[in-house]
Amino acid sequence: RRRTTLLHLAARFAAKEAVIKAMSQISPRRLLAMNQVEVRNDRLGRPHIVLHDRSRGRVKVHVSLSHVNSVAVASAIAIRG
């Protein structure tokens, strides 16, 4: 149980890193800190991103998280819209 919890948290940390990197590609001046990226689950359990910054640009971020054994990974795609 503890190992699953740690992998879950590691995947969310990886998601935050992926979001920050994706955002830097489409908006280099929009610098995000880890505490400005929140990973939530929708009502079906799917992860989604909430950005807590004061920038006005509309960006949609798609994220995928995965973990197995001792590895956690995440990828993010940021789309300006």
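Residues numbered from 1 in each chain as written. Predicted model: local features only at pLDDT ≥ 70, side-chain atom pairs only at ≥ 80, totals over all residues. Heavy atoms only, no water.

Novice: Can you lay out the side chain of Asp53 for me, pointing to particular residues and giving the numbers?
Specialist: Counting through the fold element by element, Asp53 comes out in the loop between strand S2 (47-51) and strand S3 (59-68). In terms of polar contacts, Asp53 uses its side chain to reach the side chain of Arg30, at 2.7 Å. Non-local contacts of Asp53, meaning those with residues more than four positions away in its chain, are made with Arg30, Leu32 and Gln36. (Helix = DSSP H or I, 4+ residues; strand = E, 2+ residues; numbered from the N terminus. Polar contact = N/O pair within 3.5 Å; in protein donor to acceptor, adjacent residues only side chain to side chain. Contact = heavy atoms within 4.5 Å.)

Novice: For unusual backbone geometry, give the residues involved together with the corresponding values.
Specialist: Look at Asn69: it is not a glycine, yet its phi comes out positive at around 50 degrees. Tracing the backbone shows Asn69 in the loop between S3 and strand S4 (71-80).

Novice: Could you give an account of the side chain of Arg12, with specific residues and numbers?
Specialist: Looking at where Arg12 falls in the secondary structure, it is placed in helix H1 (residues 2-26). Buried charge without a salt bridge: Arg12, with Glu38 as the nearest opposite-charge side chain at an N-O distance of 7.9 Å. Ignoring sequence-local partners within four residues, the contact set of Arg12 consists of Val39, Arg40, Asn41 and Leu65. (Buried < 20%, exposed > 50% of the residue type's maximum accessible area, 1.4 Å probe, protein only. Lys, Arg positive; Asp, Glu negative; His and termini not counted. Salt bridge = Lys/Arg side-chain N within 4 Å of Asp/Glu carboxyl O.)

Novice: Describe the nonpolar core, naming the residues involved and giving the relevant values.
Specialist: Of all hydrophobic cores here, the largest spans 14 residues; its most connected members are Val19, Met23, Val37, Ile49, Val61, Ala76 and Ala78. Mapped onto this core, the elements with two or more residues apiece are H1, strand S1 (37-41), S3 and S4. (Core = buried A, V, L, I, M, F, W, Y, C linked by side-chain atoms within 4.5 Å.)

Novice: Could you give me a rundown of the pattern of salt bridges, with the residues and numbers involved?
Specialist: Overall, the coordinates contain three salt bridges when judged by the stated rule. Arg46 is paired through a salt bridge with Asp42; the nearest N and O atoms lie 2.7 Å apart.

Novice: An account of the pairing of S2 is requested, with residue identities and associated values reported.
Specialist: Summarising the sheet, S1 and S2 pair through five bridges and their orientation is antiparallel. Looking at the pairing, Val39 lines up with Ile49 of S2. The turn joining S1 and S2, which pair antiparallel and follow one another in sequence, is formed by five residues; a positive phi near 90 degrees is taken by Gly45. (Pairing = 2+ DSSP bridges.)

Novice: Please give an account of H1 that cites residues and values.
Specialist: Within an α-helix, residues lying three or four positions from one another point in the same direction, as the helix has 3.6 residues per turn. The terminal C-alpha atoms of H1 lie 37 Å apart, and with 25 residues this matches the ideal 36 Å at 1.5 Å per residue to within 8%. Among the residues making up H1, those that are buried are Leu7, Ala11, Arg12, Ala14, Ala15, Ala18, Val19, Ala22, Met23 and Ile26. Where H1 is buried, its residues touch S1, S2, S3 and S4. (Expected span 1.5 Å × (residues − 1).)

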